[in-house]
Structures are given as C-alpha cells and as structure tokens.
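Next come the chains, spelled out residue by residue.
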Amino acid sequence: MNKKAVTLTETLIAISIALTIILPISMMFSNSSRTLEKTSNLSFAGGLARYIIQGMMTMEKDEIVQIPPPGISCCDESDDNTYFKKLFNFYNVESDLDSGVTTVGIKNCVTKLYNRFARYNYRYSISVAQISGIKSVSVLITWKEFGVDKVFESHAYIVAR
Amino acid sequence: MHILLLDKNRKAFTFVEVMITTIILGVIITMVSRAFIHNTRYQQRITLQSDGDNTIRTILWNLHKELKVSRNIIYPRLEFINLQTEKKLDNMISDTKLVVRNFDGDIVSYVYRTETRELVKHVSRLPVDGLNKKNETKVIGKNIDVVVFTNRNEMNNLVGIYIESGPAMMLDSVYLMNE
C-alpha cells in the first residue's frame, strides 16, 4: 500500500506541459510558412498584372477590351485567354543546339507555371475607361489561398496605338 | 569489511514496469523526433522559398530598370526563319539568352549559364570618337534554376521573363520604350 506510483493527474499535467511547449513551436513554423506563401502569391500576382499591362503597351486600342469579374482563368485554353494562352515558344529546342534551351528543367517550366495557375485558381479581369485617347486600365488578379479569395489590383494609363 | 545483506523490503522496478516505461518513452521520442524532422524540413523549404523570392525580385528589379529604357530586342528576333525547315515563326519566340540594344546604342546580352546557375550580363560598348570603350561582363543573379526570355511581338520591343529559383517562380514582362 505504501508503493508510490505516478497518478493519472500527474501524467495529464506532464502531457499538458509538454504539449504547451511543442504546439507553439510547430505552429510557429506553420504560420511563417503561410505568411511566406501569402507574400509569394502576392508578388506572383503582381508579376502577372505587369505581364498584362506591359503587353497592352504594344496592342491596338481596339484590342484592349473589358473583361468583367470573375474574369478569365490564367490556364484557360480557349482563345478568350489573350494574355496567358501561350507564354513560350521553344520551337528551336531540338534544332538549335546552341540555343541553350535544351535542359529538361526549362522544358518543364510550362507545366510548372500552369500547375501554379491551376493550384491557386489565378484569374484576371480588366476594366477599361477611355479618357481622350488615353485608356485608363485596371487589372484585377484574383486567386484562392487556403480557401480565402485574394485580390491584387494594378492600374495603368495606356496611350493606345 | 562490508557485508552485503539482502533486504527483503527493498523496492525495485519490475520487468513489466521497465518494459512499459520503455514503450512509452519510445512512443514519445518517435513523436518528438518526427515532429522535429518535419519542422526542420519545413524550415528548409521556407528558407529556400524566401531566398528564391528574394533572388527573383532582385533580378527582375534590375532587368526592369535596364530593359525599359532600351531600344529593341536583337535576339531572339521574330522575323528569324529557321533555315533548315524554312518555317517562319509565329507570334513569339523563347530562349535562355536575350540580346538588346540599350539606350546608348550598346549591345547588351543576358545569358543564363546552366552549369553555374548564374545570369550573366555582357555589355559590348560602341566606340566613341574612334576610341574603343571597355566592354563589361558581370553576374547579375545567382542560384537560378530557369531563365526564359520570350520575345512577345513582331515589333521586337516586348520581352516576357520567366525565372525560377528553388520553389519560387515569377512571370513578368518589360516593354522597351525607346524604340
């Protein structure tokens, strides 16, 4: 009867203390990963908006048209996807050995990029207003991140050709 | 001289107790070490992503600054016809090299070197008043996995840039204004 043992209460207290220490540490890693992913997605969206706006600089004024929300998916394969339907042309991969476009990694970049478009459901919509020969363009990039809708907006004035 | 006496009241761990303790300890150690390994990998991934994002942002900042005041793209050029197939290119062409004529008329090339994972810039300066100016070569980006430049229109003044560094990637574009 005098035999001492660890009681259930003691065990539970010990487990609680251990969890109190371990959980915040693992949460810390998880939170920093989420923050980084958010930042990364935001700057990726900024790049996509620039890709569209810079493309508009060389377009005819009739070609810059309104695309209302929810917009067009970046990985849409139809002709409506003016800006992202085709992003690369490695036609000379096999014939031109000096081109340097022979690595597997480079050939895979198309797949990687479209996978990212699909994973976060990147879409773009465009609103256009005409102000005496100058087009005021607003590009909205939207994506889904951890189940939450995100948006990035970029604005530009374009002197259409 | 000491005499070792056996005390019948002396307590010790039984074999079952030792076994149970070992099993519990084993389970706890396994859980903790798995969590530790998982978090270490997580941390490595975060570091790689962060470094990649920083690398890409720095390179793109420099490329934007230099390219937007340039004149036109010399290579890859869209009116180029493949002599073997006699096939004219369609509306874009991609390569790991980009050659442009900058604002001063100098020839500037950006070349991705797969073996060193570097993006190198080379400037061939035009002679001024019969005097040859010094050419320049410098590394403008390290730890890059993929760089693809795409000439996006027949005017040869719009370049698409795709860069990958570790798990980070970015698609961007620059319009050359001084054609």
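Residues numbered from 1 in each chain as written. Chains lettered and ligands numbered in written order. Predicted model: local features only at pLDDT ≥ 70, side-chain atom pairs only at ≥ 80, totals over all residues. Heavy atoms only, no water.

Novice: When you look at the overall build of chain B in this model, what are you seeing that I'm missing?
Specialist: For chain B, the count of helices and strands is 1 helix and 11 strands. N-terminal to C-terminal, the α/β element order of chain B is α-β-β-β-β-β-β-β-β-β-β-β. A burial count over chain B gives 39% of its 179 residues as buried. Counting only carbon and sulfur atoms, one obtains 60% of the accessible surface of chain B, whose full area is about 11400 Å². (Helix = DSSP H or I, 4+ residues; strand = E, 2+ residues; numbered from the N terminus. Buried < 20%, exposed > 50% of the residue type's maximum accessible area, 1.4 Å probe, protein only. Areas by Shrake-Rupley, 256 points an atom, 1.4 Å probe, with all protein chains shown as cover.)

Novice: Where do I start with the packing of aromatic side chains in this structure?
Specialist: Geometry of an aromatic ring pair is reported as the spacing of the ring centres plus the angle between the planes. Summed over the entire model, instances satisfying the criterion amount to 12 aromatic pairs over all chains. Here the aromatic rings of A:Tyr83 and A:Tyr124 are separated by 5.7 Å at their centres, their planes lie at 85°, and the arrangement is edge-to-face. Taken together, the residues span a long stretch of sequence, with A:Tyr83 in the loop between strand E1 (67–73) and helix H2 (104–107) and A:Tyr124 in strand E2 (residues 123–131) at a distance of 41 residues. In this structure, A:Tyr83 and A:Tyr124 share a single accessibility class: buried. Taken together through their ring pairs, the aromatic side chains of A:Phe44, A:Tyr51, A:Tyr83, A:Phe84, A:Tyr114, A:Phe117, A:Tyr120, A:Tyr122, A:Tyr124 and A:Trp143 make up a single cluster. Above the plane of the ring of A:Phe146 lies A:Arg34, whose end atom (NZ or CZ) is 4.3 Å from the centre. Cation over ring: B:Arg152 sits above A:Tyr51, and NZ or CZ is 3.7 Å from the ring centre. (Phe/Tyr/Trp six-rings, centres within 6.5 Å; stacked < 30°, edge-to-face > 60°. Lys NZ or Arg CZ within 6 Å of the ring centre and 35° of its normal.)

Novice: Any chance you could explain the pattern of salt bridges here in plain terms?
Specialist: When the charged atoms of two side chains with opposite charge come close together, those side chains can pair. Summed over all chains, the structure comprises 9 salt bridges over all chains. A:Arg119 serves as the salt-bridge partner of A:Glu37, at 3.7 Å between the closest nitrogen and oxygen. In this pair, A:Glu37 is assigned in helix H1 (residues 8–56) and A:Arg119 in helix H3 (residues 109–120), connecting sequence segments 82 residues apart. Exposure remark for A:Arg119: the relative accessible area of 61% places this residue in the exposed category. Across the pair A:Arg50 and B:Asp172 runs a salt bridge whose closest N-O atoms are separated by 2.6 Å. A residue pair is termed interchain when its members come from two chains, as with A:Arg50 in helix H1 and B:Asp172 in strand E11 (residues 168–175). Judged by relative accessible area, which is 31%, A:Arg50 ranks as partly exposed. (Salt bridge = Lys/Arg side-chain N within 4 Å of Asp/Glu carboxyl O.)

Novice: Would you mind showing me how to read the pairing of strand E3 (residues 134–145) of chain A here?
Specialist: Each regular strand carries side chains that alternate between the two faces of the sheet. Residues and elements named next belong to chain A. Two elements, E2 and E3, share 9 bridges in a ladder whose sense is antiparallel. Bridging across to E3, Ala-129 finds its partner in Ser-136. The loop that links E2 with its antiparallel partner E3 comprises 2 residues; one of these, Ser-132, has a positive phi angle of about 35°. In terms of strand pairing, E3 meets strand E4 (residues 148–159) through 12 bridges, oriented antiparallel. Looking across to E4, one finds that Ser-138 is bridged to His-155. Taking the residues between adjacent antiparallel strands as the criterion, E3 and E4 are bridged by 2 residues, where Phe-146 takes a positive phi near 50°. (Pairing = 2+ DSSP bridges.)

Novice: Whenever I open this one, helix H1 (residues 15–67) of chain B confuses me. Can you help?
Specialist: Each α-helix turn comprises 3.6 residues. Residues three or four places apart therefore point the same way. An ideal rise of 1.5 Å per residue puts 78 Å on 53 residues; H1(B) measures up with 76 Å between its terminal C-alpha atoms. Every buried residue of H1(B) is accounted for by B:Asn39, B:Ile46, B:Gln49, B:Gly52, B:Asp53, B:Thr55, B:Ile56, B:Ile59, B:Leu60, B:Leu63, B:His64 and B:Leu67. (Expected span 1.5 Å × (residues − 1).)

Keep in mind these values describe shape, not function.
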